[in-house]
Amino acid sequence: MRIVSFLPSATELIFELGAGKELVGVTHECNYPEQAKTIPRVINSVFDPLKMTSLQIDDKIQELVKSGSTIFVVNEENIKNAKPDLIIGQGTCAVCSAYTTEINKALEILDKKPEVEVIDPHNIDEILDGVCVIAKKIDQENRGNELVKSLRDRISKIQNQDYPKRPKVLCIEWIEPFFTSGHWIPQMIEIAGGTNLLSSTGEHSRKMTLDEIMVADPDIIIMMPCGFDTQRTSSECTNYLKKNTRWQNLRAVKSGNVFAVDANSYFSKPSIRTITGIEILAKIIHPEKFTSMTTPKDGFTKI
């Protein structure tokens with residue numbers, strides 16, 4: 001089978017299931033695992049977010065949306081050369097990754113129309129259901145079921161802990177302007193023993209004001225800008241938020257409970273690595289319970 005992945009988390013999963021050799025096209029964001037970087041890119045972004053601040057990225061996206069321009073472009077030559085039997089994409093967010101619009105453009109380019117599988121998860125259970133769907137599509141159903149079982153076991157170890165106190169936790173998906181963290185993030189917080197603020201499981205992320213944050217007055221703030229790693233998040237927060245006197249008056253800031261996480265790896269995408277994200281959250285929210293639990297070295301840091 002010749003597979004094209006329009007979704008980084010699907011690329012990651014296909015390698016995890018042992019079918020990486022069947023991938024003949026991926027997106028510019030598919031950089032994990034390392035082998036994914038060698039596969040032809042069938043999708044590219046029209047701008048380079050690595051060279052821009054969060055405000056500049058937001059302004060650019062707003063400009064593209066208002067003008068009716070695309071954020072992602074299909075590489076016509078590479079998609080033709082790929083000759084896929086199956087395209088896997090996502091219908092969750094048109095900004096974060098290639099969307100159904102790009103799939104339709106690819107179908108217009110291809111003479112032989114491939115099968116298309118679009119996943120649209122909005123919570124952890126739907127992410128795990130998506131694993132089973134993709135595994136079945138690529139003839140790896142047994143391995144997919146085994147993987148999901150192991151992931152659910154890891155979730156249960158955290159979810160079934162006794163938490164006498166559940167700190168109020170606010171996750172922030174964008175720095176300038178502020179955005180709530182929606183979709184699966186609220187559920188991740190609840191599983192990890194926190195009380196999620198200002199968003200609900202399954203909801204899209206939305207803009208929020210500093211006034212809302214001040215009223216909520218969280219015990220813990222976790223910065224997870226979509227697509228940013230820990231270092232970039234920490235750096236941008238330091239440059240922007242530490243100059244804001246109102247921000248400095250927040251309970252979480254005063255108590256030193258503001259954290260940056262690797263959102264790109266463990267939170268932004270509907271990936272099997274969101275389970276690692278739950279483990280990271282557990283260590284942040286209840287360090288006394290999870291001191292010995294191993295999480296990635298660069299998974300989070302205190303700001």
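See the structure printed just above.
In this text, all values refer to a predicted model and were calculated from it rather than measured experimentally.

Chemist: Before we move on, can you summarise the side chain of H183 with the specific residues and values?
Modeler: Inspection of the secondary structure assignment puts H183 in the loop between β8 (179-180) and α7 (185-191). In terms of polar contacts, H183 uses its side chain to reach the side chain of H122, at 3.1 Å. Beyond its immediate sequence surroundings of up to four residues, H183 is in contact with T92, H122, S200, T201, G202, E203, H204 and S205.

Chemist: Give a description of helix α1 (residues 8-16) that names residues and reports values.
Modeler: The buried count for α1 comes to 8 of 9 residues, which makes it a mostly enclosed element. Elements that come into contact with the buried residues of α1 comprise β1 (3-5), β2 (23-27), β5 (86-90), α5 (124-137) and α6 (141-159). Where α1 terminates, the next one or two residues include G18, which has phi positive at roughly 85°.

Chemist: Residue-level account of the packing of α6 against helix α13 (residues 274-285), with values.
Modeler: Here α6 crosses α13 at 15°, and the two axes come no closer than 10 Å. By the angle between their directions, the pair α6 and α13 is classed as roughly parallel. In the crossing of α6 with α13, the sense of the turn from one axis to the other is left-handed. On the side of α6, the interface is formed by L151, R154, I155 and I158, while α13 contributes I275, T276, I278, E279 and A282. Taken together, the residues of the contact of α6 with α13 break down into 6 nonpolar, 1 polar and 2 charged.

Chemist: Give me the lowdown on the packing of aromatic side chains, citing residues and values where you can.
Modeler: This model, assessed by the stated rule, comprises 3 aromatic pairs. On the numbers, 5.8 Å between centres and 20° between planes, the contact of F178 with W247 is stacked. Of the two residues, F178 is situated in the loop between β7 (168-174) and β8 and W247 in helix α10 (residues 245-248); the sequence distance between them amounts to 69 residues. In this structure F178 comes out as buried when scored by relative accessible area, which is 8%.

Chemist: Describe the environment of F290, and please don't skip the residues or the numbers.
Modeler: Position of F290 relative to the elements: it lies in the loop between α13 and β12 (300-302). On the basis of relative accessible area, F290 is assigned to the buried category, the value being 6%. Taking the C-alpha atoms as reference points, F290 and I280, separated by 10 residues in sequence, lie 9.4 Å from one another. Those residues within four positions of F290 in sequence are excluded, and the remaining contacts are I158, Q161, Y163, A282 and K283.

Chemist: Describe the nonpolar core, with residues and values.
Modeler: Side chains of nonpolar character tend, in soluble globular proteins, to be buried together. I124, I222 and F267 are the most contacted members of the largest nonpolar core, which has 55 residues in total. Those residues within four positions of I222 in sequence are excluded, and the remaining contacts are V169, L170, C171, I172, I189, F259, V261, L281 and I284. Within the second largest apolar cluster, 23 residues are counted, among which are V24, M52, I57 and F228.

Chemist: Tell me about helix α2 (residues 54-67), and please be specific about residues and values.
Modeler: An ideal rise of 1.5 Å per residue puts 20 Å on 14 residues; α2 measures up with 20 Å between its terminal C-alpha atoms. Taken residue by residue, α2 has S54, I57, D58, I61 and L64 as its buried positions. The buried residues of α2 occupy one face: seen down the axis, they fall within an arc of 130°. Looking at the packing, one finds that the buried side of α2 touches β7, β8 and α9 (230-240).

Chemist: Please set out the sheet that holds β2 residue by residue, giving values where relevant.
Modeler: Spatially, the 6 strands line up as an open sheet ordered β4-β3-β2-β1-β5-β6, and their pairing is mixed. Either end of the sheet is taken by a strand with one partner, and the two such strands are β4 (72-74) and β6 (115-119). The mean inter-strand angle of the sheet, taken between neighbouring strand axes irrespective of direction, is 15°. Pairing between β1 and β2: 2 bridges, direction parallel. Paired with V4 across the two strands is G25, which belongs to β2.

Chemist: I'd love a proper account of the packing of α5 against α6, names of residues and values included.
Modeler: Helix packing geometry: the angle between the two helix axes and the distance between the axes. Viewed as axis vectors pointing N to C, α5 and α6 meet at an angle of 160°, and their least axial separation amounts to 7 Å. By the criterion of interaxial angle, the relationship of α5 to α6 is roughly antiparallel. In this structure, the crossing between α5 and α6 has a hand that is right-handed. Taken together, the residues of α6 that come into contact with α5 (itself represented by I124, D125, L128, D129, V131, C132, A135 and K136) are E141, G144, N145, L147, V148, L151, R152 and I155. Split into classes, the residues belonging to the contact of α5 with α6 amount to 9 nonpolar, 2 polar and 5 charged.

Conventions we followed
Residues numbered from 1 in each chain as written. Predicted model: local features only at pLDDT ≥ 70, side-chain atom pairs only at ≥ 80, totals over all residues. Heavy atoms only, no water. Helix = DSSP H or I, 4+ residues; strand = E, 2+ residues; numbered from the N terminus. Polar contact = N/O pair within 3.5 Å; in protein donor to acceptor, adjacent residues only side chain to side chain. Contact = heavy atoms within 4.5 Å. Buried < 20%, exposed > 50% of the residue type's maximum accessible area, 1.4 Å probe, protein only. Axes fitted to C-alpha atoms, helices over the stretch in contact; angles between N-to-C directions. Parallel < 35°, antiparallel > 145°, perpendicular 65-115°, else oblique. Left-handed = near helix turned anticlockwise from the far one by under 90°. Nonpolar A, V, L, I, M, F, W, Y, C, P; charged D, E, K, R; others polar. Phe/Tyr/Trp six-rings, centres within 6.5 Å; stacked < 30°, edge-to-face > 60°. Core = buried A, V, L, I, M, F, W, Y, C linked by side-chain atoms within 4.5 Å. Expected span 1.5 Å × (residues − 1). Arc of directions from axis to C-beta. Pairing = 2+ DSSP bridges.

That's the geometry; what it means functionally is another story.
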